[in-house]
Amino acid sequence: MILKVLGKGCKNCLLLAERAQQAALELNLEVEIVKVTDMDAILDHGVMRTPALIMDETLLVEGRVPRVEEIKGWLK
């Protein structure tokens, strides 16, 4: 499974990446986390607000940092 964290590298983007990794670890899932910081690439995904999280090319959330439990629900 590939999780993409979209954002310029701000603290919320880093926090989202950490929470996504934690959620995957708690579910014993093998994931690859890719950080996308290029604005053109972010816009190509249709994202207007960062941070954003994409799982296998499906946008899960944008413009906020969800809790680990919420991310776990999406990953199940």
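Just so we're clear, the structure is a prediction, and the values are computed from it rather than from any experiment. (Residues numbered from 1 in each chain as written. Predicted model: local features only at pLDDT ≥ 70, side-chain atom pairs only at ≥ 80, totals over all residues. Heavy atoms only, no water.)

Just give me the short version of the sheet that holds strand β4 (residues 58-62), but keep the residues and values in it.
Sheet strands pair via backbone hydrogen bonds, and the direction of the pair is either parallel or antiparallel. Taken in spatial order, the four strands line up as β2-β1-β3-β4 in an open sheet, and their pairing is mixed. Each edge of the sheet is formed by a strand with only one pairing partner; in this case those strands are β2 (32-36) and β4. On average, adjacent strands in this sheet sit at an angle of 20° to one another, irrespective of strand direction. By the bridge criterion, four bridges tie strand β3 (residues 52-55) to β4 in an arrangement that is antiparallel. (Pairing = 2+ DSSP bridges. Helix = DSSP H or I, 4+ residues; strand = E, 2+ residues; numbered from the N terminus. Axes fitted to C-alpha atoms, helices over the stretch in contact; angles between N-to-C directions.)

Which residues make up unusual backbone geometry, and what values do they have?
A cis amide bond links Thr 50 to the next residue, Pro 51, at an omega of 0°. Considering the arrangement of structural elements, one finds Pro 51 in the loop between α2 (39-44) and β3. Not every positive phi belongs to a glycine, and Asp 56 is a case in point at roughly 45°. Summarising the element assignment, Asp 56 is placed in the loop between β3 and β4. The class for Asp 56 is partly exposed, based on a relative accessible area of 46%. One non-glycine residue, Glu 57, lies in positive phi territory at about 70°. Considering the arrangement of structural elements, one finds Glu 57 in the loop between β3 and β4. For Glu 57, a relative accessible area of 54% puts it in the exposed group. (Buried < 20%, exposed > 50% of the residue type's maximum accessible area, 1.4 Å probe, protein only.)

None of the figures reported here should be taken as evidence of function without further support.
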